[in-house]
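# A structural walkthrough
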Amino acid sequence: MKRNNWKPAFALLTVTALLFGQGVGTLYAQGKTAPTQAGVTAPSGQAMRPAVFTFSNLAKQAKTTYASNGPDKTPGTVLRFTSETVTLDGVNESFDYFYSVPRATIGSSNYLDISFSHSELLNGTRSTLTVSVDDKPLKSVFLTKETAQQGKIRIPLGADETALGFHKITITKHSLLTDNICDDQNDPANWVKIDKSSFAFLDTRAVTSSADLLREYPVPFVEPGNSTEVFTKIVVPDVADQDVVAAALKVATSLSAQTATKRPIPIMTESEWKAKGELGHVIAIGNPEGWTGPLKTLVAEQGIATREQKLGLDYYQMRVNQSAEAKLLLLVSRGKETNFAETIHLLTDKEMNKQLAGNQLTVKQVPSVQAAEQSPISLSLASGGYSHVMLEHGNSRTEQVTLKIPSHWKITGDVTLDLKLKISPLLMQKYEGEDKPQHQLTVTVNGVPYTVILQQLKAVDDNDNYQVSIPISQSVIKEANHALTVSFSASMNEKGDVCAPENNMGRWVFVDKESSLNVPHEVPAQRSFRYWPAPFVQDAGWKDTAFLLPEKWTGSYLSQFSMLMNNMLSEVGNRKGSSFVIFQEPLNEKALQEIASYNVIAMGDIEQYPSLQRVQGQLLINEAKQLNQYHVINETSRYVAWVQPSIWNQERTLSVFQSADESKASQGTFLHADLLEYLKNSNEDGQIVVMSKSNEVFSIQVEEHEEKQTKGINEVVGNIPLWLIGVILAVFLIVLVIFIRLLKKEKEKSRRGR
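Residues numbered from 1 in each chain as written. Predicted model: local features only at pLDDT ≥ 70, side-chain atom pairs only at ≥ 80, totals over all residues. Heavy atoms only, no water.

## Things to note about the sheet that holds strand 36 (residues 599-603)
Within a sheet, neighbouring strands are paired by backbone hydrogen bonds and run either parallel or antiparallel to one another. The seven strands are arranged 35-34-36-38-37-39-40 in an open sheet whose pairing can be described as mixed. Looking at the sheet topology across the chains shown, the edges are occupied by strand 35 (581-584) and strand 40 (697-700). For this sheet, the mean inter-axis angle between neighbouring strands, taken without regard to orientation, is 20°. Both strand 37 (residues 637-645) and strand 39 (residues 688-692) contribute to a ladder of five bridges, which runs antiparallel. Residue pairing across strands places Ala641 opposite Val689, the latter belonging to strand 39. Relative to strand 35, helix 3 (residues 242-257) is tilted by about 135°, and along the sheet it contacts strand 34 (545-549) and strand 35. (Pairing = 2+ DSSP bridges. Helix = DSSP H or I, 4+ residues; strand = E, 2+ residues; numbered from the N terminus. Axes fitted to C-alpha atoms, helices over the stretch in contact; angles between N-to-C directions. Contact = heavy atoms within 4.5 Å.)

## Some points on the sheet that holds strand 9 (residues 136-142)
In space, the four strands of this open sheet follow the order 6-11-8-9, with antiparallel pairing throughout. One side of each edge strand has no neighbouring strand; the edge strands of this open sheet are strand 6 (92-101) and strand 9. For this sheet the average axis-to-axis angle between neighbouring strands, irrespective of direction, equals 20°. Note: strand 8 (residues 128-133) against strand 9, six bridges, orientation antiparallel. Counted as the bridge partner of Val133 is Lys136 from strand 9.

## Focus: the packing of helix 9 (residues 555-569) against helix 13 (residues 673-681)
In contact at an axis separation of 11 Å, helix 9 and helix 13 are set at 25° when each is read in the N-to-C sense. Judged by the angle between their axes, helix 9 and helix 13 are roughly parallel. Here helix 9 and helix 13 pass one another in a crossing that is right-handed. Taking contact as the criterion, the partners of Met563, Leu564, Asn567 and Met568 in helix 9 are, on helix 13, Ala673, Leu676, Glu677 and Lys680. Its residues placed into classes, the contact of helix 9 with helix 13 shows five nonpolar, one polar and two charged. (Parallel < 35°, antiparallel > 145°, perpendicular 65-115°, else oblique. Left-handed = near helix turned anticlockwise from the far one by under 90°. Nonpolar A, V, L, I, M, F, W, Y, C, P; charged D, E, K, R; others polar.)

## Things to note about the pattern of salt bridges
Pairing of side chains with opposite charge becomes possible as their charged atoms draw close. A full pass over the atoms with the stated rule returns 13 salt bridges. Between Asp113 and Arg154 there is a salt bridge whose closest N-O contact spans 2.8 Å. On the criterion of sequence distance, the pair formed by Asp113 in strand 7 (residues 111-118) and Arg154 in strand 10 (residues 151-156) is long-range, its members being 41 residues apart. The salt bridge partner of Lys410 is Glu522, with a shortest N-O separation of 4.0 Å. (Salt bridge = Lys/Arg side-chain N within 4 Å of Asp/Glu carboxyl O.)

## What to know about the nonpolar core
Buried together is how nonpolar side chains tend to be arranged in soluble globular proteins. Ranked by internal contacts, the top residues of the largest apolar core, which has 97 residues, are Tyr217, Ile234, Val332, Trp648, Phe657 and Ile688. Among the elements that take part in this core, helix 3 stands out by supplying nine residues, more than any other. Apart from the residues within four sequence positions on either side, Ile688 is in contact with Phe529, Leu620, Ile621, Leu627, Tyr630, Val640, Ala641, Trp642, Phe698, Ser699, Ile700 and Val702. Ranked by size, the runner-up nonpolar core spans 38 residues in total, among them Leu391, Leu421, Val445 and Leu484. (Core = buried A, V, L, I, M, F, W, Y, C linked by side-chain atoms within 4.5 Å. Buried < 20%, exposed > 50% of the residue type's maximum accessible area, 1.4 Å probe, protein only.)

## Things to note about the confidence of the model for the protein chain
Of the residues in the protein chain, 83% have a pLDDT of 70 or more, and the chain-wide mean is 83. Least confident of the elements in the protein chain is helix 1 (residues 6-20), whose mean pLDDT is 37; most confident is strand 17 (residues 281-286), at 97. With pLDDT under 50 throughout, residues 1-24 is counted as low confidence; its partners more than four residues away or in other chains account for 14 contacts. Across residues 705-717 the pLDDT falls below 50, and counting only partners more than four positions away or on other chains, this stretch makes four contacts in the model. (pLDDT = per-residue confidence, 0-100.)

## Concerning a nonpolar patch on the surface
On the surface, a cluster of nonpolar side chains totalling about 580 Å² of accessible area is made up of Trp723, Leu724, Val727, Ile728, Val731 and Val735. Along the chain, Ile728 falls in helix 15 (residues 722-753). (Patch = residues over 30% accessible without salt bridge, like charges linked within 9 Å, V, L, I, M, F, W, Y side chains within 5 Å. Areas by Shrake-Rupley, 256 points an atom, 1.4 Å probe, with all protein chains shown as cover.)

## Regarding helix 13
The set of residues buried in helix 13 consists of Leu675, Leu676, Tyr678, Leu679 and Lys680. Each element contacted by the buried residues of helix 13 is listed here: helix 9, strand 37, strand 38 (653-659), strand 39 and strand 40. Asn683 lies just past helix 13 and shows a positive phi near 60°.

## Concerning the pairing of strand 5 (residues 86-89)
Burial along strand 5 is one-sided: Val86 and Leu88 are buried, and none of Thr87 and Asp89, which face the opposite way, are. Sheet analysis places strand 5 next to strand 12 (residues 191-194), joined by four bridges and oriented antiparallel. Considered in strand 12, the bridge of Leu88 is made with Val192.

## With respect to helix 5 (residues 294-302)
Every buried residue of helix 5 is accounted for by Pro294, Leu295, Leu298 and Val299. Take helix 5 and look down its axis: the buried residues cluster within an arc of 130°, on one side only. In this structure, helix 5 carries Lys296 and Ala300 as exposed residues pointing more than 90 degrees from its buried face. Directly after helix 5, the chain includes Gly303, whose backbone phi takes a positive value near 65°. (Arc of directions from axis to C-beta.)

What follows is the structure, given as structure tokens:
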């Protein structure tokens, strides 16, 4: 009994804190369990103390400090800018790497650490290695016998090199083997290796600060280019309506789209978040009356429910159990007689994001978002995140760039890589006689080279602009699952360069970043996974698509939905048109009429969907028609997805994702990232996709399976001899006649008996 004496005192302390707080705008709210990060572990045998959340209003805060988004708790951040060793060949060669400075307070102890090795045959008095950042030279060293096995350069980084955002590291080598004027540029003994252990060290501090949090949105919730990128959770009320769920999913997919890795944003219910008690950035989305835990106290204290608003955005500094660290809470509240469908674009539209300002914003009139322009998806170098390519003396080849053809495209014509070039006039000079130098541009696509002689090109204008179209075969595209890797190299040496090498910067080939793939295509409407996510997704976003939710769901369920939606939209160019509709079980008469107008996606067990359960016989996978009928072992199947005509409208499409493993279904897991990647990359014409417990993923073509069954029956019937069929019919007729006569005799006997 003594062990529980702390409870009244703790309750009194909590009430006192709620009444008086700690300074202006600070209040407390309890959770259920001790936090995993900020809390104190309870002694063995004792109950864990509830987590206590502390919120401080930042509406009038001039400057806000909070824990930075470093990858770990150790001082400083180590950024590896190459995943494998890179070899630089020839006399003059260079290579670019990139690193990103996260949003954090940066100290003064920042540096680059470059590890390298090189050929022992290099001439140490004429061979050098130079390191530049953002095209500014920082350090040069000689390549001597002492550095051949292991060389190292440590270069301090200043304010320019540690400013927020991306920075380019250029490593350039000039190396010769002899003192002779004739030094063979193609000698394989002339090489330098940049080791993968090279890194940039940033002296990041534990906290960062901001004077205008909304202006910096979506930072710190996501930080594109950071090694982790996603630093937030989205929290919704335990019992949220369809409008709130749709808003949370839209914000999640919007944030994920702004990261390089397209990582999904986790979604949790308020009770799940409260139970974990973890300290981390949070975006809480809901109507003010919907909260039941820590946020209920916050909303009541701040008077948010009584405000006249269409949308409210409020930042709070948040601590758990009075932790030394603080994170940020962005509370997103809708007003009375409004909905998020009309207002949430303030957080999901990039143009609207640019107008956000302050630490608190109460919007009474929400501007409408501009209609999405039906512009085609661009497959240019720029859209893939690449910049212009400059090929010049000493840097005549590039690393590979990757261009991905969307999986929902059906290619209908010849694919070309259309290059926009500017070429130095020195390379285009006309020479008399047969012994003239020929300069070439070689473009390699998925290992297949294509060479163009530059002097044979014709300028498109008077500014040295040229265009080249490189054909790409369908077999190359098919083998690569629509992912094309492209590299450029140029031969621009003059005759005699090998004996008299010159650093002639006047010879160059410039590849514009607007160079792109030209892919004639259509978005098919066929019901199979071959062009997934079509027909649900078109080039401009969702196309008449609705999502069907069960009556009860968890944060884990919504997080999986977020992952599914993000995967489907990852290749869409313009997400402004990515509006969708959510229906929730049980469906009333009005909802049943409306859902017939949409292509529908559902996730989870059929038992969670009364509308599907009532017509279970029409589903491809049901109790009577299980996976074993498609030559699949039920007991070793993990996940299954299928696509078929909608049960509400045969002209529309229905797709269902569910667990084939009862243990996984009970945990609320219904799809896997590997299954989603298979759908986008396999290009298989199947209506059912199965992931086994061995993590193998394969598709089943239902029409082909049923056709084989029908064909098998026809073959069996066709193999029966005609004479045997005749005998069987004759015997059947004789037996039928005898049966009829016996029946008549029985009737006559019964009459006589009367």
